Amino acid sequence: MTRKEFEKIPFKQGCHLAMEDAYESTYYNDEYGFTIAEITTRTHGGYGLGKSHKEYNYKGIWYKKFDKFLEAIKDVEFKG
């Protein structure tokens, strides 16, 4: 699967968590078994927002770098 094919995949929102040190929203696609976690750190005693980043899951393995995730899914056939 290529980056352009991945960008065409529809995701559903799974959950949203507000934790002491971060906010986290998850999105999933059941057809391929992909999960994306969007994580935003909290600053200033929990009232401000810091940096955000995404992590990607495939077959139970989390990838912090999108390029590493793409390498893991390169053999997944796009069905779109």
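Scope of this entry: the structure provided in the associated data block. As the structure is a prediction and not an experimental result, all values here were calculated from the model.

Some points on the pattern of salt bridges
Item 1. Overall, the coordinates contain two salt bridges when judged by the stated rule.
Item 2. Notably, a salt bridge pairs Asp-67 with Arg-3, separated by 3.2 Å at the nearest N-O pair. Of the two residues, Asp-67 sits in helix α2 (residues 66-72) while Arg-3 sits in helix α1 (residues 3-7), which places them 64 residues apart along the sequence.
Item 3. A relative accessible area of 54% places Asp-67 in the exposed class.
Item 4. Here Glu-71 ties to Lys-74 by a salt bridge, and the two come within 2.9 Å at their closest N and O atoms.
Item 5. By relative accessible area, Lys-74 is classed as partly exposed at 46%.

Overview of the sheet that holds strand β5 (residues 61-63)
Two modes of strand pairing occur in sheets, parallel and antiparallel, and in both the strands are linked by backbone hydrogen bonds.
Item 1. Strand order across the open sheet formed by five strands is β1-β2-β3-β4-β5, with antiparallel pairing between neighbours. In the strand order of this sheet, the two ends are held by β1 (12-18) and β5, each with one partner. Strand-to-strand twist in this sheet, taken as the mean axis angle between neighbours without regard to direction, amounts to 25°.
Item 2. Relative to strand β4 (residues 48-58), strand β3 (residues 34-43) runs antiparallel, the two being bridged by nine bridges. By the bridge assignment for β4, Phe-34 is matched with Tyr-58.

Comments concerning unusual backbone geometry
Item 1. Positive phi is not limited to glycine here, since Lys-59 has a value of about 55°.
Item 2. Examined against the element boundaries, Lys-59 turns out to sit in the loop between β4 and β5.
Item 3. The class for Lys-59 is exposed, based on a relative accessible area of 68%.

Some details on the environment of Tyr-28
Item 1. Tracing the backbone shows Tyr-28 in strand β2 (residues 22-29).
Item 2. The class of Tyr-28 is partly exposed, set by a relative accessible area of 29%.
Item 3. Filtering out sequence-adjacent residues up to four positions away, Tyr-28 remains in contact with Pro-10, Phe-11, Lys-12, Gln-13, Gly-14, Phe-34 and Thr-35.

Some points on the pairing of β3
Item 1. Note that β2 and β3 share eight bridges and pair antiparallel. Note that in β3 the partner of Asn-29 across the bridge is Phe-34.

Conventions adopted
Residues numbered from 1 in each chain as written. Predicted model: local features only at pLDDT ≥ 70, side-chain atom pairs only at ≥ 80, totals over all residues. Heavy atoms only, no water. Salt bridge = Lys/Arg side-chain N within 4 Å of Asp/Glu carboxyl O. Helix = DSSP H or I, 4+ residues; strand = E, 2+ residues; numbered from the N terminus. Buried < 20%, exposed > 50% of the residue type's maximum accessible area, 1.4 Å probe, protein only. Pairing = 2+ DSSP bridges. Axes fitted to C-alpha atoms, helices over the stretch in contact; angles between N-to-C directions. Contact = heavy atoms within 4.5 Å.

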